[in-house]
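# Residue-level structure breakdown
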Amino acid sequence: MAAMITYTSSLIYLLSLMVLLFSPFGCCSDSDPLQDFCVADLNGTLSINGFPCKPISKVRSSDFFYDGFTKEGNTSNGVGSAVTPGNVLTFPGVNTLGISMNRVDFAPGGVNPPHIHPRASETGVIIRGEVLVGFITTGNVYYSKVLKFGEMFVIPRGLAHFQMNVGKGKAMVITAFNSQLPGTTILSLALFASNPPLPIKVLTKTFQVEEKVINDIKSKFIF
């Protein structure tokens, strides 16, 4: 009898685990699409898996093509870089497909500042120049390498990372994400230029500096 109870308990546990793994709640990826495509209606409200679909009668060939990467971004700014996004907000055809791309241009010495993408892993390829790519793990371990034309990199989802042009001329990188809207949190802006601002005491305690130092840093982010 005890053996039968143990067997039954094990069977119930196994069946419960299988239901969890194969149910929509246990699945780790987006649900399979029920139509060929869902071109975003950007006037609609963003939901858990994207924007509502544009009516088929209003879908055009242009919805599936994007020329935003044909022009160099304006790097005349404090960090010397420019990101041109190819996500659902600029390229409605990727809606619900779980993909997007960026073009990142760098002036000599330019940097794409440390940031995170909370909703996607990232991969990229160097199209021009020499670029230092690095990321930091949750264990505070720093990985990096200087990459040249044709070389690739990968950034695991949610980890802080950056790219910096370390060559003599301009540089350009094309990146790709497994999300139609990966999101970006630039760490320096989050800390020193949030709206409303973080309490000064939080920043002075965190960085172990005087309030004047924090105010000096914050002044760099007034646009």
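Residues numbered from 1 in each chain as written. Predicted model: local features only at pLDDT ≥ 70, side-chain atom pairs only at ≥ 80, totals over all residues. Heavy atoms only, no water.

- Per an unreviewed UniProt entry, the protein goes by Germin-like protein and derives from Kingdonia uniflora.
- Under Sequence similarities (unreviewed entry), UniProt gives the following word-for-word description of the protein: "Belongs to the germin family."
- Quoted verbatim from the Subcellular location (unreviewed entry) field of UniProt, the annotation for the protein is "Secreted, Extracellular space, Apoplast". (UniProt positions renumbered as here; feature names shortened; annotations may be inferred.)

## Looking at the UniProt feature "binding site: Mn(2+)" (unreviewed entry) in the protein
- Here, UniProt's "binding site: Mn(2+)" (unreviewed entry) annotation points to His115, His117, Glu122 and His161. What stands out for the annotated residues spanning 47 residues is how close their C-alpha atoms remain, the widest pair being 11.9 Å apart.
- Since its relative accessible area comes to 3%, histidine 115 is described here as buried.
- Side-chain polar atoms of histidine 115 contact the backbone oxygen of proline 113, separated by 2.5 Å.
- Secondary-structure assignment places glutamate 122 in strand β4 (residues 122-128).
- The buried category is assigned to glutamate 122, whose relative accessible area is 4%.
- Leaving out residues up to four positions away in the same chain, glutamate 122 has contacts with His117, Phe153, Val154, Ile155, His161, Gln163, Thr175, Ala176 and Phe177. (Buried < 20%, exposed > 50% of the residue type's maximum accessible area, 1.4 Å probe, protein only. Polar contact = N/O pair within 3.5 Å; in protein donor to acceptor, adjacent residues only side chain to side chain. Helix = DSSP H or I, 4+ residues; strand = E, 2+ residues; numbered from the N terminus. Contact = heavy atoms within 4.5 Å.)

## Quick look at unusual backbone geometry
- With omega at 0 degrees, the peptide bond leading from asparagine 195 into proline 196 counts as cis.
- Along the polypeptide, proline 196 turns up in the loop between α2 (187-192) and α3 (200-207).
- Of note, asparagine 140 is a non-glycine position whose phi angle comes to about 65 degrees, a positive value.
- Judged by relative accessible area, which is 67%, asparagine 140 ranks as exposed.

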